[in-house]
Amino acid sequence: MSGIAVRMRMLQQSFDAFDEAAATLLGLNRTDLRCLDLILADDPMSAGELTTAAKLSPAATTTAIDRLERAGFVTRNRDAANRRRVLVAATEAARAAEREVYGPVGEAGIMALRRYGEDQLAVILDFLETARRVQEEQTARLKGLPVRG
């Protein structure tokens, strides 16, 4: 089991390194990249929805949206159904960056998974869901501990 734990840690570090490289390529910081990813996944979304999804303060969310807007990755538009609500939408530049950065990762992943049979893929899927759940539970545990320092 310790070999799995070590490899999980290495996998998490590789995701972290990829995100850092993607943020650097796009001229963003990691928080802005995370916000952009959330917007791309649920386009468009309100600033309040982004605040909740990114787990940021409203002021930090506004700052991230400002930076993403200056970078040309998002636009702000009034919601036609509720004029007080502002929707944040991904631009074509954001979609192009998504294709450039994440498209090859998806393609490489599909190619790598072709070596597995359906039963093996079911186990992998179960493992990924279990690992995500464990990670979320451990995140909640850490948030419940007193802050040090």
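Residues numbered from 1 in each chain as written. Predicted model: local features only at pLDDT ≥ 70, side-chain atom pairs only at ≥ 80, totals over all residues. Heavy atoms only, no water.

Naming follows an unreviewed UniProt entry, where the protein chain appears as MarR family transcriptional regulator of Streptomyces meridianus.

**Topic: the environment of Ile39**
Short version of the rule: Secondary structure is summarised from DSSP: a helix means a run of H or I of at least four residues, a strand means a run of E of at least two, and numbering begins at the N terminus for each. Should any heavy atoms of two residues lie within 4.5 Å, those residues are counted as being in contact.
With respect to the element layout, Ile39 can be found in helix H2 (residues 30-41). Distance from Ile39 to Ala81, taken between C-alpha atoms, is 19 Å for residues 42 residues apart in sequence. Apart from the residues within four sequence positions on either side, Ile39 is in contact with Met45, Leu50, Leu68, Val74, Val88, Ala89 and Ala90.

**Notes on the pattern of salt bridges**
Threshold: What makes a salt bridge here is a side-chain nitrogen of Lys or Arg within 4 Å of a carboxyl oxygen of Asp or Glu, nothing more.
Tallied over the entire structure, the rule returns 13 salt bridges. The structure contains a network of salt bridges with shared partners spanning Asp16, Glu20 and Arg30.

**Thoughts on the side chain of Thr51**
Heads up, the condition is: Note on exposure labels: buried denotes an accessible area under 20% of the residue type's maximum, exposed denotes more than 50%, and partly exposed covers the range between, all computed with a 1.4 Å probe on protein chains only. In the analysis that follows, any N or O atom pair within 3.5 Å is treated as a polar contact, provided that within protein one partner can donate a hydrogen and the other can accept it, and provided that, for residues neighboring in sequence, both atoms belong to side chains.
Looking at the secondary structure, you find Thr51 in helix H3 (residues 47-54). Assessed through its relative accessible area of 16%, Thr51 is described here as buried. Among the polar contacts listed, one links the side chain of Thr51 to the side chain of Thr61, at a separation of 2.9 Å. Those residues within four positions of Thr51 in sequence are excluded, and the remaining contacts are Leu56, Ser57, Pro58 and Thr61.

**Some details on the sheet that holds strand E2 (residues 74-79)**
The strands making up a sheet associate through hydrogen bonds between their backbones, and the pairing can be parallel or antiparallel. Definition in use: Following DSSP output, two strands are said to pair if at least two bridges run between them. Structural elements are reduced to axes, namely lines fitted to C-alpha atoms, with helices fitted over the stretch in contact, and the angle between N-to-C directions of any two is expressed from 0 to 180 degrees.
Pairing in this open sheet of three strands is antiparallel, and the strands run E1-E3-E2 from one edge to the other. Bordering the open sheet on either side are strand E1 (45-46) and E2, each of which pairs with just one other strand. Pairing geometry for E1 and strand E3 (residues 82-90), over two bridges, is antiparallel. Across the sheet, residue Ser46 finds its bridge partner in E3, namely Leu87. Sheet strands in contact with H2 are E1, E2 and E3, and its direction is about 105 degrees off that of E3.

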